[in-house]
Amino acid sequence: MNAAVRAVVRMGLYVGAKVYFIHEGYQGMVDGGDNIKEASWESVSSMLQVGGTVIGSARCKEFRTHEGRLKAANNLVQYGITNLCVIGGDGSLTGANLFREEWSGLLAELVEQGLIETDAIQKYSALHIVGMVGSIDNDFCGTDMTIGTDSALHRIIEVVDAIMTTAQSHQRTFVLEVMGRHCGYLALVSALACGADWVLIPEMPPEDGWEDKMCQKLSATRSRGTRLNIIIVAEGAIDRHGKPITSSIVKELVVKCLGFDTRVTILGHVQRGGTPSAFDRILASRMGVEAVLALLETTANTPACVVSLCGNQSVRLPLMECVQMTQEVQKAMDEKRFEEAVKLRGRSFENNLKTYKLLAHRKPESELNFNVAVLNVGAPAAGMNAAVRSAVRVGISEGHKMFAVSDGFEGFYKGQIKEIKWADVGGWTGQGGSLLGTKRDSPLSLSGQPSAALTRFHVLPLQAFESLLQLYEARTTYEELCIPMCMLPATISNNVPGTDLSIGADTALNAIVETCDRIKQSASGTKRRVFIIETMGGYCGYLASVGGLAAGADAAYIYEEPFDIRDLQANVEHLTEKMKTSIQRGLVLRNENCNENYTTDFIYQLYSEEGKGVFDSRKNVLGHMQQGGAPSPFDRNFGTKISAKAMQWVTKKLVETFRQGRVFANTEDSCCLLGMRRRALVFQPVVQLKDETDFVHRIPKEQWWLKLRPLMKILAKYKTSYDVSDSGQLEHVVRNRPKESDASVAM
């Protein structure tokens, strides 16, 4: 929430508005006085890394009454406030909309009571409202992701990873209860991210007789050599008859039926606290800026809107349409129309549920009997193992024989290929790096010709754009390469053409942001200091730019946006000015290959020299710590979902191209990259992406995140122009979209 507050304040000041904090939510609006204070640029410094909300939040019974809203209206008029930006759940946003509808009537009453002048009715004729959804449950329809959800998932996954080690040691079963009284999103996604054996959520209660099925599943998992079981229960989980299923009921059931040593862990308010994740900071910053733009464009006739996220794009939706749909979900659940409740939750929720079912429960194998190989190519990226697990399990479910190739194409060439079974990939989702091993060798660099092993397999490589292009082009010479091939983007640099996001980039961003937080904190209480931090990414400035936005950097130097000594000088002067007046710490990010002459050392020395007497400088090269660590919840889920989708595509292509006892696939669309484009997952032939790629610098020619750079500059107090062409337009909530676009990947 703090990142959103900061973005609203700074964007508001940037457009020339007067911005006020209303402390303690609606209670502060009703009470007035010191609760309403003007905000300055400095008042939101050092807020990004703080959890919760620094302006306070409170439930307010008084605001639900007409008298309470009358007091609130009076307080707003005293300060001349006619635009409200509300961050909260559906209750807060519904209250804001009611307040807006009553506004003119409330002013008339205030005139009657002599509390305000008659001309105030004309002067403050309309109250404009924009909502942002802050809710860890992600229970608001119309947005793929609400502010706070990703951070809550981080807390849950940290706990699950820690519990898994103790469960493994003692051969225990753990029942974890997570928040979600009316929405099972946190339970479902954390189950997907940790590969839980069973999950119980309110939207899709288990069929009657679930107790025996669950115990059979746990028993079968143990018999395959697994030493632990994880069951995740949403606090609002119910059975088909509306009877609550609590964590203690599940524990008693496992102990009674199986005799397993079982423990219960209730996570509670741990999930609400802690430092916000990189995803949440970026989401909230984008939403905050979008909310200010929406307020500027609002007229008395436009409905109150809520700023939300669809895929990777900001959208504006009518607030009450979203609220009504959210209420419809609850109504459907109360009336036991569970399938409909899942659909109303939206594409993201529905896809998560489908993917979980696909991976958690082994279906009887069909008899397709194709050989499908999975390999990792390039540098390791967190989330690769989750993707491999997903591909293997979906492949086995669809009747294929799955093979794992060690060490990329070099392993293929040397014949390091072995069959991989369902149980072999158990517990892989939370592992960092690449368990299969990975090398940068391309298939043609090894011997001038593709490996003979390729002739026996249909390939699903990860992070291999150039390799896949080489294999496609070699089809004219080697008929054996006429097989379906699909690539999943997996690289921390996020530099793959044809996709907005890659597996591993979110984990790297979190590593950068976490380190920047610590580095900034190291200077607290000391004299003014500027930190120069070097990030990875090759020639792609994604990590430096988006990491800079999430960490609150003052500048980020990247290859895509050329800079010279005058720009460096302007940045130093800008920071010097800020240091003299307000801030204590400065943060400058530099992409490793942004400029061959303006190195990290050069920039550090320049800042040190020019800042003498005002601030001192320190430098830090983050290096390979960006590549390591356990994958973030986003990367686990993104990898799992796109890999499952890719495997289903491979199956479809195999069936389509199987003729006269063999597979022959030589069309462009049988060699694809699966990427996320704005709002959807799209299969794109690699040959068509050739023109979109700068092969010398290994980056796409057009990159969506460059539009976020002005946002970082505005939030760092630079005078710059902001491109509003990509800002959201008011749309309507869409239900049950056609199957093709059924591909949201924001978790």
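The structure we're discussing is the one just above.
This is a predicted model, so every value here is computed, not measured.

Points about the overall build of the chain
When you go through the chain residue by residue, the secondary structure sums to 23 helices and 26 strands. The C-alpha radius of gyration of the chain comes to 27 Å, within 12% of the 27 Å expected for a compact globule of 747 residues. Expressed as lengths along the three principal axes of its C-alpha atoms, the size of the chain is roughly 90 × 70 × 50 Å. Among the 747 residues that make up the chain, the fraction classed as buried is 59%. About 29,600 Å² of surface is accessible on the chain, with carbon and sulfur atoms providing 49% of the total. Of note, the chain has its 82 positive side-chain charges centred 4 Å away from the centre of its 84 negative side-chain charges.

A closer look at the pattern of salt bridges
For the structure on display, the rule yields 33 salt bridges. With a shortest N-O distance of 2.9 Å, Arg172 and Asp261 are connected by a salt bridge. Taken together, the residues span a long stretch of sequence, with Arg172 in the loop between α6 (149-170) and β5 (173-178) and Asp261 in the loop between α9 (247-258) and β8 (262-266) at a distance of 89 residues. What makes Asp261 partly exposed here is its relative accessible area of 31%.

Some details on the packing of helix α8 (residues 210-223) against α9
Working note: a packed helix pair is described by the angle between its axes plus the distance between those axes. Close contact between α8 and α9 brings their axes to 10 Å; oriented N to C, the two are set at 65°. In this structure, the crossing between α8 and α9 has a hand that is right-handed. Contacts between α8 and α9 involve Trp210, Glu211, Met214, Cys215, Leu218 and Ser219 from the first element and Val250, Leu253, Val254, Cys257 and Leu258 from the second. Within the contact of α8 with α9, the residues separate by chemical class into nine nonpolar, one polar and one charged.

Details of a nonpolar patch on the surface
On the surface, Tyr14, Val15 and Leu296 cluster together into a nonpolar patch covering about 240 Å² of accessible area. Mapped onto the elements of the fold, Leu296 is located in helix α10 (residues 278-297). Of the residues examined, Leu296 reaches a relative accessible area of 53% and is grouped as exposed.

Details of the environment of His361
Residue position: His361 is located in the loop between α13 (347-360) and β11 (371-377). For the pair formed by His361 and Trp41, sequence separation is 320 residues and the distance between their alpha carbons is 53 Å. His361 has contacts with Asp197, Trp198, Lys217, Tyr356 and Trp422, leaving out every residue within four places of it along the chain.

What to know about the sheet that holds β8
Spatially, the four strands line up as an open sheet ordered β6-β7-β5-β8, and their pairing is parallel. Edge positions in the open sheet fall to β6 (198-200) and β8, since each of these has one partner strand only. Shown here is a sheet whose adjacent strand axes are inclined to one another by a mean of 15°, direction ignored. As paired elements, β5 and β8 share five bridges and run parallel to each other. The residue of β8 that forms the bridge with Thr173 is Thr262. Each of β5, β7 (229-234) and β8 touches α6; the most contacted strand, β5, lies at about 165° to it.

Brief notes about the sheet that holds strand β9 (residues 305-310)
Read across the sheet, four strands follow the order β3-β4-β9-β10 without closing on themselves; strand pairing throughout is mixed. The sheet terminates laterally at β3 (83-88) and β10 (313-318), the two strands that pair on one side only. Each strand of the sheet is rotated relative to its neighbour by a mean of 30°, with strand direction disregarded. Inspection of the sheet shows β3 paired to strand β4 (residues 128-133) by six bridges, in the parallel sense. Within the sheet, the bridge partner assigned to Cys85 lies in β4 and is Val130. Sheet strands in contact with helix α11 (residues 319-334) are β9 and β10, and its direction is about 85° off that of β10.

Reading the values: the criteria
Residues numbered from 1 in each chain as written. Predicted model: local features only at pLDDT ≥ 70, side-chain atom pairs only at ≥ 80, totals over all residues. Heavy atoms only, no water. Helix = DSSP H or I, 4+ residues; strand = E, 2+ residues; numbered from the N terminus. Rg over C-alpha atoms; globule rule 2.2 N^0.38 Å. Buried < 20%, exposed > 50% of the residue type's maximum accessible area, 1.4 Å probe, protein only. Areas by Shrake-Rupley, 256 points an atom, 1.4 Å probe, with all protein chains shown as cover. Lys, Arg positive; Asp, Glu negative; His and termini not counted. Charge placed at Lys NZ, Arg CZ, Asp CG, Glu CD. Salt bridge = Lys/Arg side-chain N within 4 Å of Asp/Glu carboxyl O. Axes fitted to C-alpha atoms, helices over the stretch in contact; angles between N-to-C directions. Left-handed = near helix turned anticlockwise from the far one by under 90°. Contact = heavy atoms within 4.5 Å. Nonpolar A, V, L, I, M, F, W, Y, C, P; charged D, E, K, R; others polar. Patch = residues over 30% accessible without salt bridge, like charges linked within 9 Å, V, L, I, M, F, W, Y side chains within 5 Å. Pairing = 2+ DSSP bridges.

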